[in-house]
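Here are the chains, one letter per residue:
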Amino acid sequence: MSAPRTFRIAAIPADGVGAEVVAAGRAVLDALARSSGGALAFDWTEFPWGCGYYEKTGRMMDEDGLKALEKFDAVYFGAVGWPSVPDHVSLWGLRLRICQNFDQWANVRPVHFHPGVTSPLRKADDTALDWVVVRENSEGEYAGLGGRNLSGRGPGNEVALQTALFTERGCERIIRFAFDLARTRSRRKVSSVTKSNAQQYGMVLWDEVFARVAGDYPDVETESVLVDAMSAKFVLHPEDLSVVVASNLNADILSDLGSALAGSLGLAASANLNPERRFPSMFEPVHGSAPDIAGQGLANPIGAIGSAALMLDHFGLADEAARVHKAIERTTASGVLTRDVGGTVGTDEVVAAVIEHLA
């Protein structure tokens, strides 16, 4: 028998419910490997980074943490944030440090409506809805450029500057990524989102690049929509969406809206991709660390398990990814749901059901 195809994965549970949902995803992938007849294996290394690590060391991760992560095939992330550490410290010290230094410039967030989960959107009752938000993940409003100055003038006189960065290269690569993704879907359409009527420099550049790139994809339908109008469209006409591409901030907000419309942020999966594969990509649920329920076994693991399926796709394991997606669908359809989506069971029960439905 040939040796199994082994993938080395760095697990970073980080904070709050991150530990519970990363353990859930690991359990599902390990069950998948056991059922592969020796063809597949996952080699896990867990890192203790996060807010607890910060309180002990003054750092969110090891000083040479990025170098340690470079040797892995992927990073599997939980959630970051805890009340004792300022959010901008925890986010920039861990998650964004990895995303930016590994040039994970394409953030993919599917908006998927699961059977058995009631959506607050009435249209979801009788209309097939399924779209994906593609988020520029390396620059835009989260470039980290700016500063705080003039505090010496006294109280009330400090000035803070937060500068959004839009480069032609950054706009073009994420827009082309969205068009290429649209070509793999049944509805070949890309919706570009900006606020170029009010932000007349960076987002006008985005609009111009979108129009130019669209000319290379005559088989793909396009539209350009202002972010406020797209927010309304998510609610009023979601059936008209397929691939939505937007800047770092706008896509972050819109993808959360989409997840809420699907039923819960706990369902939402995401992939932070370095498409050139110069660095490992990172996979994580969209939800936060949820300190109010951490450690109680109540967290919804579907987002983390769905993120594990996106990781399988990234590895070229399309059939295995489809098995995990189908197991999730069977689980929710059977009514095994956590309380955030109207159910009564805990994390472990959902994991057990997904593993059972893998068969």
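Computed from a predicted model, the values in this text were never measured in an experiment.

Colleague: Can you explain the pairing of strand β8 (residues 189-194)? Please cite residues and give values.
Modeller: Extensive coverage of β8 is indicated by the burial of 6 of its 6 residues. Side chains of β8 alternate between two faces, with Lys189, Ser191 and Val193 and Val190, Ser192 and Thr194 buried alike. When β8 meets strand β9 (residues 221-226), the two strands line up parallel, connected through 6 bridges. Bridge pairing in β9 places Ser191 opposite Glu223. Traced from β8 through helix α6 (residues 202-214) to β9, the parallel crossover comes out right-handed.

Colleague: Please provide a residue-by-residue account of the environment of Val111, values included.
Modeller: Locating Val111 in the fold gives a position in strand β4 (residues 106-112). Accessibility expressed as a relative area gives 2% for Val111, which makes it buried. C-alpha of Val111 to C-alpha of Trp131: the two residues are 20 residues apart in sequence and 5.3 Å apart in space. Discounting chain neighbours no more than four positions away, the residues touching Val111 are Asp130, Trp131, Val132, Val133 and Gly258.

Colleague: Tell me about the side chain of Arg173, residues and numbers included.
Modeller: Here Arg173 shows up in helix α5 (residues 168-182). A relative accessible area of 13% means that Arg173 is categorised as buried. Side chain to side chain, Arg173 and Asp103 meet in a polar contact 3.0 Å long. At 3.2 Å, the side chain of Arg173 forms a polar contact with the side chain of Ser138.

Colleague: Mind laying out the pairing of strand β5 (residues 130-136), listing which residues take part and the relevant values?
Modeller: Counting buried positions along β5 yields 6 of 7 residues, so the element is predominantly enclosed. Examined bridge by bridge, β5 and strand β10 (residues 243-246) share 4 bridges and lie parallel to one another. Of the residues in β10, the one forming a bridge with Val133 is Val244.

Colleague: Any chance you could break down unusual backbone geometry for me, citing the residues and the numbers?
Modeller: Positive phi, close to 65 degrees, is recorded for Ala14, a residue that is not glycine. Locating Ala14 in the fold gives a position in strand β1 (residues 5-14). With phi around 60 degrees, Arg277 is a residue other than glycine that occupies positive phi space. When you line up the elements, Arg277 lands in the loop between β11 (269-273) and β12 (281-285).

Colleague: Before we move on, could you go through the pattern of salt bridges and cite the residues and values that matter?
Modeller: According to the stated counting rule, one finds 24 salt bridges in the structure shown. A salt bridge links Lys123 to Glu239, with the nearest nitrogen and oxygen atoms 3.2 Å apart. Residue Lys123 is found in the loop between β4 and β5, and its partner Glu239 is found in the loop between α7 (227-236) and β10; the two are separated by 116 residues along the sequence. A salt bridge links Arg185 to Asp130; the shortest N-O distance between them is 3.5 Å.

Colleague: How would you summarise a nonpolar patch on the surface if you had to cite specific residues and measurements?
Modeller: A surface patch of nonpolar side chains, amounting to about 240 Å² of accessible area, comprises Leu150, Val159 and Leu161. Summarising the element assignment, Leu161 is placed in strand β7 (residues 159-165). With relative accessibility at 54%, the residue Leu161 sits in the exposed group.

Colleague: I'd like a description of the nonpolar core, backed by residues and values.
Modeller: Judged by nonpolar contacts, the single largest core of 69 residues is most densely connected at Phe42, Tyr76, Ile175, Phe179, Val190 and Val324. If we skip the residues at most four places from it in the chain, Ile175 touches Trp206, Val209, Phe210 and Val213.

Colleague: Account for the side chain of Asn137, with residues named and values stated.
Modeller: Of note, Asn137 is situated in the loop between β5 and β6 (140-149). At a separation of 2.9 Å, a polar atom in the side chain of Asn137 contacts the main-chain carbonyl oxygen of Gln104. For Asn137, the contacting residues outside a window of four places in its chain are Arg95, Cys99, Gln104, Trp105, Ala106, Asn107, Asn248 and Asn272.

Colleague: So what's going on with the environment of Thr118? Which residues, and what values?
Modeller: Locating Thr118 in the fold gives a position in the loop between β4 and β5. Through-space distance from the C-alpha of Thr118 to that of Leu261 is 9.4 Å; in sequence the pair is 143 residues apart.

Colleague: Now, about the sheet that holds β4: what can you tell me, with residues and values included?
Modeller: Taking strand neighbours across the sheet as the criterion, the 10 strands line up as β2-β1-β3-β12-β11-β4-β5-β10-β8-β9 in an open arrangement whose pairing is mixed. A strand with exactly one partner marks an edge of an open sheet, and here the two such strands are β2 (40-46) and β9. For this sheet, the mean angle separating the axes of adjacent strands, direction not counted, is 25 degrees. Of the pairings in the sheet, the one linking β4 to β11 comprises 3 bridges and is antiparallel in character. The residue bridging Ala106 from the neighbouring strand is Leu273, located in β11. Its contacts with the sheet place helix α4 (residues 87-101) against β1, β3 (74-79), β5, β11 and β12, and it is angled at close to 140 degrees to β12. In the packing of helix α9 (residues 302-314) onto the sheet, the strands contacted are β1, β2, β3, β4, β11 and β12, and the crossing angle to β12 comes to about 155 degrees.

Criteria and cut-off values
Residues numbered from 1 in each chain as written. Predicted model: local features only at pLDDT ≥ 70, side-chain atom pairs only at ≥ 80, totals over all residues. Heavy atoms only, no water. Buried < 20%, exposed > 50% of the residue type's maximum accessible area, 1.4 Å probe, protein only. Helix = DSSP H or I, 4+ residues; strand = E, 2+ residues; numbered from the N terminus. Pairing = 2+ DSSP bridges. Right-handed = clockwise from strand over helix to strand, strands pointing away. Contact = heavy atoms within 4.5 Å. Polar contact = N/O pair within 3.5 Å; in protein donor to acceptor, adjacent residues only side chain to side chain. Salt bridge = Lys/Arg side-chain N within 4 Å of Asp/Glu carboxyl O. Patch = residues over 30% accessible without salt bridge, like charges linked within 9 Å, V, L, I, M, F, W, Y side chains within 5 Å. Areas by Shrake-Rupley, 256 points an atom, 1.4 Å probe, with all protein chains shown as cover. Core = buried A, V, L, I, M, F, W, Y, C linked by side-chain atoms within 4.5 Å. Axes fitted to C-alpha atoms, helices over the stretch in contact; angles between N-to-C directions.

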